[in-house]
Amino acid sequence: MPPKKRARTSLTTPRRSTRIANIDLGLAASSRVEGSPANGASSTQATSVRICAIDLARKTQDSAASPEDLIHSEHRTPSNDIVSAFRPPPEGILNMPLDILIEIFCLLTPRDLLALARTSKDFRSYLMSRRSAPCWRSARHTVSGLPKCPSDLSEPRYASLAFTEECSICGSSNSQEMRMHWPLHVRYCPACARGRLVTVNRSMRGLCQQIESATTRMGSVLVTVWSFEARSMCCYIDEYNALVTEWNALEKKKAKKRFAEEQVDLVSARFSFTSKINSWKIRREERKRAKAQARRQRRYERIVRKLKAEGWAAELARIEKRHHDTLSSHRRVHVDKALTQKEWLSIRPSIVKAMENYRAAWRKEDWLRVLAQRLDILVEVLITYESQTGARTPESDLQAQTADLCLMPTFRKVVYAKMKIDVTRESFEPLLVNIPALKAQWYAARKRDFERLVKGRIPTSGADALDLAVASFRCKACGISGARWPHLLSHRCAQEQNKPDGSYQTALLEACERHGLPFPWVQIFEFNPNFQFECTMIRASGFEPNTATAQQMDNCGLRFFCQICSTPAIGYQEVYTWKTAANHTRPRCDIVFGPSSDAVVNKWCILDAGHTVMVRELEDAILQAQINSLLTNKSTVFGCTRCQYHG
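The rules behind these values
- Residues numbered from 1 in each chain as written.
- Predicted model: local features only at pLDDT ≥ 70, side-chain atom pairs only at ≥ 80, totals over all residues.
- Heavy atoms only, no water.
- Helix = DSSP H or I, 4+ residues; strand = E, 2+ residues; numbered from the N terminus.
- Buried < 20%, exposed > 50% of the residue type's maximum accessible area, 1.4 Å probe, protein only.
- Contact = heavy atoms within 4.5 Å.
- Salt bridge = Lys/Arg side-chain N within 4 Å of Asp/Glu carboxyl O.
- Expected span 1.5 Å × (residues − 1).
- Pairing = 2+ DSSP bridges.
- Axes fitted to C-alpha atoms, helices over the stretch in contact; angles between N-to-C directions.
- Parallel < 35°, antiparallel > 145°, perpendicular 65-115°, else oblique.
- Left-handed = near helix turned anticlockwise from the far one by under 90°.
- Nonpolar A, V, L, I, M, F, W, Y, C, P; charged D, E, K, R; others polar.

Below, the discussion takes up the overall build of the chain. A count of helical and extended segments in the chain gives 23 helices and nine strands. Counting only residues that meet the buried cut, the chain has 42% of its 647 residues in that class. Of the contacts made within the chain by residues no fewer than 6 positions apart, 67% connect residues no fewer than 24 positions apart.

See the structure below:
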């Protein structure tokens, strides 16, 4: 006699009453797996069953609409991290016995059950009903540390709030400003929060205080949360309206007291649960970060092994020793994903290029360190040489200084020797005999630079261009005018305005700072801005600007006065030399003759010989008084002739 076939009831059978009966039987049969997976099957079996259920969610995708309060959007596709591919469902998948399906449901996570509820109408009709509560409880127990579902919150809604980022009203999860309010058991996007979250006003607070006064228990009767958008405490308008309705419906004092106590307990339980769920989410995020970091570390270690096999062991050793995060922070390395051979072949060119860049940077770093050491040796050798040549003099300030000599090719050639060559003091000492010639070359080069500035503005005939009376210069850094060759070579601004144009000069400036030396000399001068005015004064003295030298103008001894300003009513007369006349500015002169810097022929007159003698005597007396004042003034700053120190 053939054996009897076992009765099978599937989710697709049209006999709904029979299906419900089998579901109830299935719940009873599945009671043994409501706890942890270890109570029913091994962890390996539980994992296999869960994977099978996720495949079931992939294969039975349907256009099932979710309930309005739980699964919000209609005809919704499951999340990408749960369902990522769709294949034709195998035959008989929906004819599987319900007790087996329920066994599977109890081994899944709440997030998986939400996804299954969105795959077909049959799964939805069961998982969204009260009869599926044991499945949801068992699924919740598979999540370590998850607090118990509150009594005023359904299991599916609890799972949706805890494991998704969807709005409780519209189901959207794309908003960057989604706000989760655990005390209210809702998550709102900005659009849905309008009209539902309202600011607690004075009348609301008054009613709450009235209800709270009906009981002796301490606490609030209305759940309020802080709204960042409104910048105030808000409440859920539906909860407030329900509170008002129930309170107004009560008449007896005992009923009101009992109602107030229940509300205080409810609000207290809400905030207690909020503290627990927030702690759980923090621990969950920490575990997720730790797992992600462990995966990234395994990926990094595998990449390191592959690079070592290709000959990058020395560079990787340096990374581990000094720059640990150099490679691990690379965008193709710092990825929360296991490394496969196929992916390695894809990312290898960028990783190798990064290693080449690291190696080039480290070689440059090593070279700069060697360069600094060699420059320190050179500077010390030159300082020793200068100290043996005698005391510092005004003439020595017009010569190339230590930093200028370091820029000479003679010394740079030794500094730029290969890194494997040991450069010492003995490497530079044979070159010291060339320093006088090098200083002469430097002086001649600076002179040619300034001669080009003069010849570019005025033709010269016979006399040295830098000896001309008009050959003065202005510092572009401090604005001082009248600087003349060669004294401008000792101008301090020329040794303070350096802008490094390469690694050598940068290292040299750092060496100068370490040894307290002036920076290399730079050209920061422009030609005489009072050129046209001085030409007028020179012609008024009877000379020609392209031939008259500064020595000739000083020896002629002429003094000048302004015709407009020198009136008898003033009682005195201002007298100027041919150099200081350019500084004369008076509003009256500007009105009659134009700006004083303009060349005006009839504005200046030569002072007569008698008064010129008196003026020169007064000038000598003023100069001597200034010298005496400097010598007797305690705040006068002097400079050392043995070093570069002033003050």
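Another aspect to go through is the pattern of salt bridges. This structure, assessed with the given rule, holds 21 salt bridges. Arg-446 is the salt-bridge partner of Asp-449, the closest N and O atoms lying 3.5 Å from each other. Of this pair, Asp-449 and Arg-446 both sit in helix 18 (residues 435–455), separated by three residues, roughly a single helical turn. In this structure Asp-449 comes out as partly exposed when scored by relative accessible area, which is 23%. On the accessibility criterion, Arg-446 (17% relative accessible area) is buried. Here the salt bridges do not stand alone but share partners, grouping Asp-152, Glu-239 and Arg-270 into one network.

What follows deals with helix 20 (residues 531–540). Extensive coverage of helix 20 is indicated by the burial of seven of its ten residues. Close packing links the buried residues of helix 20 with strand 7 (525–527), helix 21 (550–556), strand 8 (560–562) and strand 9 (604–606). Backbone geometry just after helix 20 places Gly-542 at a positive phi near 95 degrees.

In an α-helix there are 3.6 residues to a turn, and that puts residues three or four apart on one side. Along its 57 residues, helix 11 (residues 253–309) runs 84 Å from first to last C-alpha, staying within 8% of the 84 Å computed at 1.5 Å per residue. With its phi angle positive at about 100 degrees, Gly-311 sits one or two positions after the end of helix 11.

This part takes up the sheet that holds strand 5 (residues 232–236). Reading across the sheet, the three strands line up as 3-5-4 and stay open at both edges, with antiparallel pairing between neighbours. Bordering the open sheet on either side are strand 3 (197–199) and strand 4 (224–227), each of which pairs with just one other strand. Averaged over all pairs of adjacent strands, the angle between strand axes in this sheet comes to 45 degrees, irrespective of strand direction. Examined bridge by bridge, strand 3 and strand 5 share three bridges and lie antiparallel to one another. For Thr-199, the partnering residue across the bridge sits in strand 5 and is Cys-234.

This part is about the packing of helix 9 (residues 202–212) against helix 10 (residues 237–249). Their axes nearest at 12 Å, the elements helix 9 and helix 10 cross at an angle of 45 degrees. As summarised for this structure, helix 9 and helix 10 are arranged oblique, according to the angle between their axes. Helix 9 and helix 10 meet at a crossing whose hand is left-handed. Here Ser-203, Met-204, Leu-207, Gln-210 and Ile-211 of helix 9 lie close against helix 10, whose contacting residues are Ile-237, Tyr-240, Leu-243, Val-244 and Trp-247. Along the lines of polarity and charge, the residues of the contact of helix 9 with helix 10 split into eight nonpolar, two polar and no charged.

Another point: the pairing of strand 5. Across the five residues that make up strand 5, a large majority, four, are buried. As paired strands, strand 4 and strand 5 are joined by four bridges and run antiparallel to one another. When the sheet's bridge partners are listed, Thr-224 is paired in strand 5 with Cys-235. Hairpin connection, strand 4 to strand 5: the antiparallel pair is bridged by four residues, and Arg-231 has positive phi, about 55 degrees.

The quantities given are spatial measurements derived from coordinates; they are silent on function.
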